[in-house]
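For reference, the chains in residue letters:
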Amino acid sequence: MNTAYLNGRLVPLEEATVSVMDRGFLFGDGVYEVIPVYGARLFRLDGHLARFERSLAGIRLTNPHSRAQWRTILERLLEVNGDGDRYVYLQVTRGPAPKRDHAFPGAPTPTVFASVSPITPPSPALAEHGVAAITREDIRWKRCDIKAITLLGNLLLRQEAVEAGCAEAILIRDGEAMEGAASNLFLVRAGTLLTPPKGPFLLPGITRDLVLELARDNGIEARETPIPAQWLHDAEELWVTSSTREILPVTRLDGEAVGAGRPGPLWTRMHALFQGYKARLRTGG
Ligand SMILES: Cc1ncc(COP(=O)(O)O)c(C=O)c1O
């Protein structure tokens, strides 16, 4: 059975319903998190909850729970949903209001929802071939650092990638590469790992933070720096990272080979470090 959490109750997912007057439904007025779970352990929970707090503050919505309460809710939800590698989806909206009005209701009653889904491990073919991506102009708003459920820009861009037979769209704003439609961006140039700095135009990814940490702890030279779009096309390696897709090596961009057209040596090393980190998490290390 797939059990969800809705406003203080555990309910079968198919029975978890909200009002059509919910501002999440009417306006996309809410924020969310996606937290991987490896061996019953929530991956970097504090990092995810810290980002969630920033997202809530960014849309001026009071956090309905403390970090300790969130942990209790999520651990209970995981307990009743069996085991295996999974991810938790967590969403808070500004809740239902008596009338559809752009302005916030005086005293909102947030809708709190969480569910659990299986996570697909990276396929072995990935290390052989990598994935293809396209570049597109970033058509999103100027607060991409808020993990808002209002995702139409991201959806339209990702759909273009899918229709081009690609795994991701890499987004360009004012001549600089920012991130993927649902991922952060890394590239290798002159042997150094580069990623755009945090700011309003990209989501501060939890996987991104871990990749930078693993680089530092293992003597891999890494730097946060603006990435001119042109660098994408002469990169030695290109990766996109996210909680559900981990570290994807991009081996074709806009129909052309990236570097040697195969996952590069730095990706192979980082992928192994990442798998090692997950394995330690599973065994409580
Ligand atoms: C736009 C965007 N950027 C980056 C990321 C990667 O963030 P994380 O590593 O925390 O999953 C995501 C994740 O879904 C995303 O939607």
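Model, not experiment: these values are computed from the prediction. (Residues numbered from 1 in each chain as written. Predicted model: local features only at pLDDT ≥ 70, side-chain atom pairs only at ≥ 80, totals over all residues. Heavy atoms only, no water.)

1. Topic: the nonpolar core
Judged by nonpolar contacts, the single largest core of 42 residues is most densely connected at F43, I170, L193, L232, L238, W239 and M270. With seven residues, helix α8 (residues 265–282) is the largest single contributor of residues to this core. Not counting the four nearest positions on each side in its chain, L232 is found in contact with T135, I170, I172, A177, L185, L187, L238 and L253. Grouped together as the second largest cluster of nonpolar side chains are 24 residues, L49, L61, I73 and L74 included. (Core = buried A, V, L, I, M, F, W, Y, C linked by side-chain atoms within 4.5 Å. Buried < 20%, exposed > 50% of the residue type's maximum accessible area, 1.4 Å probe, protein only. Helix = DSSP H or I, 4+ residues; strand = E, 2+ residues; numbered from the N terminus. Contact = heavy atoms within 4.5 Å.)

2. Let's talk about the layout of surface pockets
Of the pockets and cavities examined, the largest pocket occupies roughly 830 Å³. In this structure, the largest pocket is lined by 35 residues; those nearest its centre are Y32, K147, L151, A181 and A182. When residues of the lining of the largest pocket are traced back to their parent elements, those giving at least two are β3 (30–38), β5 (86–93), α5 (152–163), β9 (176–180), α6 (206–217) and β14 (237–242). Here the lining of the largest pocket takes five residues from α5, the largest share from any one element. Along the lines of polarity and charge, the residues of the lining of the largest pocket split into 16 nonpolar, 12 polar and seven charged. (1 Å grid on protein atoms, 1.4 Å probe; cavity = no way out; pocket = protein on both sides within 12 Å on 5 of 7 lines; lining within 4 Å. Points joined across faces, edges and corners; volume = space filled by probe spheres on them. Nonpolar A, V, L, I, M, F, W, Y, C, P; charged D, E, K, R; others polar.)

3. Quick look at the pattern of salt bridges
For the structure shown, the criterion picks out 22 salt bridges. With a shortest N-O distance of 2.8 Å, R51 and E33 are connected by a salt bridge. Remark: E33 occurs in strand β3 and R51 occurs in helix α2 (residues 45–58); sequence separation between them is 18 residues. Ionic pairing is found between K99 and D101, a salt bridge with its closest N-O pair at 3.3 Å. Under the relative-accessibility criterion, K99 is labelled exposed at 56%. Looking at D101, the relative accessible area reads 30%, which means it is partly exposed. Salt bridges linked by common partners bring K198, R208, D209, R216 and E224 together as one network. (Salt bridge = Lys/Arg side-chain N within 4 Å of Asp/Glu carboxyl O.)

4. Some details on the side chain of H48
Among the secondary structure elements, H48 is positioned in helix α2. Note on H48: relative accessible area 0%, which makes it buried. A polar contact is formed between the side chain of H48 and the side chain of E33, at a distance of 2.8 Å. With near-sequence residues (within four places) excluded, H48 lies in contact with E33, V34, I35, P36, F43, I206 and S243. (Polar contact = N/O pair within 3.5 Å; in protein donor to acceptor, adjacent residues only side chain to side chain.)

5. Examining the site of the ligand
As a matter of local geometry, the ligand sits amid 17 residues, with R51, E179, I206, T207 and S243 nearest to it. At a separation of 2.7 Å, an oxygen atom of the ligand approaches a polar side-chain atom of R51. S243 has a polar side-chain atom sitting 2.7 Å from an oxygen atom of the ligand. When the ligand sits alone it has 390 Å² of accessible area, and the protein chains cover 91% of it. Its atoms largely coinciding with the cavity grid, the ligand occupies the largest pocket. If you list the elements that add at least two residues to the shell around the ligand, you get β9, α6 and β14. Within the shell around the ligand, the residues separate by chemical class into four nonpolar, nine polar and four charged. (Near = heavy atom within 4 Å. Areas by Shrake-Rupley, 256 points an atom, 1.4 Å probe, with all protein chains shown as cover. Sits in = over half its atoms within 2 Å of the grid points.)

6. Quick look at the sheet that holds strand β1 (residues 3–6)
Across a sheet, paired strands are connected by hydrogen bonds in the backbone, their directions being either parallel or antiparallel. Across the sheet, which stays open at both edges, the six strands sit in the order β2-β1-β6-β5-β3-β4 with antiparallel pairing between neighbours. In this open sheet, the two strands that pair with only one neighbour each are β2 (9–12) and β4 (41–42). In terms of strand pairing, β1 meets strand β6 (residues 111–118) through two bridges, oriented antiparallel. Paired with Y5 across the bridge in β6 is A114. In this fold α2 packs onto β3, β4 and β5, with an angle of close to 175 degrees to the strand it touches most, β3. (Pairing = 2+ DSSP bridges. Axes fitted to C-alpha atoms, helices over the stretch in contact; angles between N-to-C directions.)

7. A closer look at empty space enclosed by the protein
For the structure shown, the criterion picks out one cavity of 30 Å³ or more. Taken as a whole, the largest cavity encloses approximately 50 Å³ of empty space. Around the largest cavity, the lining residues are E236, E237, L238, W239, P249, V250, T251, V258, R262, P263, G264 and W267. Mapped onto the lining of the largest cavity, the elements with two or more residues apiece are β14 and β15 (246–253).

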